[in-house]
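Coordinate inspection notes
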Amino acid sequence: MKKPFKEFRIDWTDNVCSKNQSPSAKKPLREYRIKFEKVPKGKKAVPDPDKLGIRSKLGGEPDWVQSPEIPECSDCKQPMTFIAQIDSMEHDEKHNPHAIDCLSRQQQYMFGDVGMIYVFMCFSCMTTKSVVQCG
Ligand SMILES: [Zn+2]
């Protein structure tokens, strides 16, 4: 059976991450609890990088959506340590337990086109930076 065609249109003005929104329109995002689980040696936290929406993790190496962009610390100019990546976790796909219909205008965690936010820290200077890449 052929899958019915689903028209897809992104209304960036409805995205809470959009630069077009006025500061007064920004509200706290929907809250999610994170369950931490140590990844056994030899295994990966994200076994399939193509499973969009379920690629959030702490530590290890960043799973870059685009080219690597490890930032340098603004103070000591050294490369920063990768802390976490936060996926567009409401991506509308069957494999994703937190999927939200992309046409519902209810997605809050959609960073560009299924992008990712990467968080870095310099432990010497106690500074952080983040990098966002669009999918
Ligand atoms: Zn530093």
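As the structure is a computational prediction, the values presented were derived from the model and not from experiment. (Residues numbered from 1 in each chain as written. Predicted model: local features only at pLDDT ≥ 70, side-chain atom pairs only at ≥ 80, totals over all residues.)

With respect to the environment of Gln108
Under the convention used in this document: Working definition: helices are DSSP H or I runs of at least four residues, strands are E runs of at least two. Numbering for both runs from the N terminus.
With respect to the helices and strands, Gln108 occurs in the loop between β2 (81-87) and β3 (116-122). It is 9.8 Å that separates the C-alpha atoms of Gln108 and His91, two residues lying 17 residues apart in sequence.

Here's the deal with the pairing of strand β4 (residues 127-133)
Put simply, the test is: Two strands are said to pair when DSSP picks up at least two bridges between them.
Where β3 and β4 come together, seven bridges link them in antiparallel fashion. Bridged to Val119 within β4 is Ser130. In sequence, β3 turns back onto β4 through a hairpin of four residues, with Met126 there showing a positive phi of about 55°.

Examining the nonpolar core
What counts, and what does not: For this analysis, nonpolar core means a set of buried Ala, Val, Leu, Ile, Met, Phe, Trp, Tyr and Cys residues linked through C-beta atoms within 7 Å. Using C-beta atoms placed from the backbone, we call a residue buried if 20 or more other C-beta atoms fall within 10 Å of its own, exposed if 12 or fewer do, and partly exposed for counts in between. For every residue pair, C-beta atoms are placed from the backbone, and the pair is scored as a contact if these atoms sit within 7 Å.
Counting residues in each nonpolar core, the largest one holds 11 residues, listed as Val65, Cys73, Met80, Met89, Tyr109, Met110, Phe111, Met116, Tyr118, Phe120 and Cys122. Once you skip the residues sitting within four places of it in the chain, Met89 turns out to touch Gly53, Ser56, His98 and Tyr109.

Quick word on the sheet that holds β2
If you walk across this open sheet you meet the four strands as β1-β2-β3-β4, and the pairing is antiparallel. Each having just a single partner strand, β1 (57-58) and β4 make up the two edges of the open sheet. In the sheet, β1 pairs with β2 via two bridges, with the strands oriented antiparallel. Bridging across to β2, Lys57 finds its partner in Gln85.

Observations concerning the pairing of β2
Relative to β3, β2 is paired through six bridges, and the arrangement is antiparallel. Directly across from Ile86, in β3, lies its bridge partner Ile117.

A look at unusual backbone geometry
The residue Arg105 is not glycine, and still its phi comes out positive at about 65°. Along the chain, the position of Arg105 falls in the loop between β2 and β3. Taking the C-beta count within 10 Å as the criterion, Arg105 has 10 such neighbours and is therefore assigned exposed. Of note, Met126 is a non-glycine position whose phi angle comes to about 55°, a positive value. Checked against the element boundaries, Met126 lands in the loop between β3 and β4. Overall, Met126 belongs to the exposed group, with 9 C-beta atoms counted inside 10 Å.

Looking at the confidence of the model for the chain
In plain terms, the rule: pLDDT is a residue-level measure of predictor confidence that goes from 0 to 100.
Taken as a whole, the chain shows an average pLDDT of 88; of its residues, 81% reach a score of 70 or greater. Here residues 12-18 is modelled with pLDDT under 50, and outside its nearest four sequence neighbours on either side it reaches 11 contacts, counting other chains as well.

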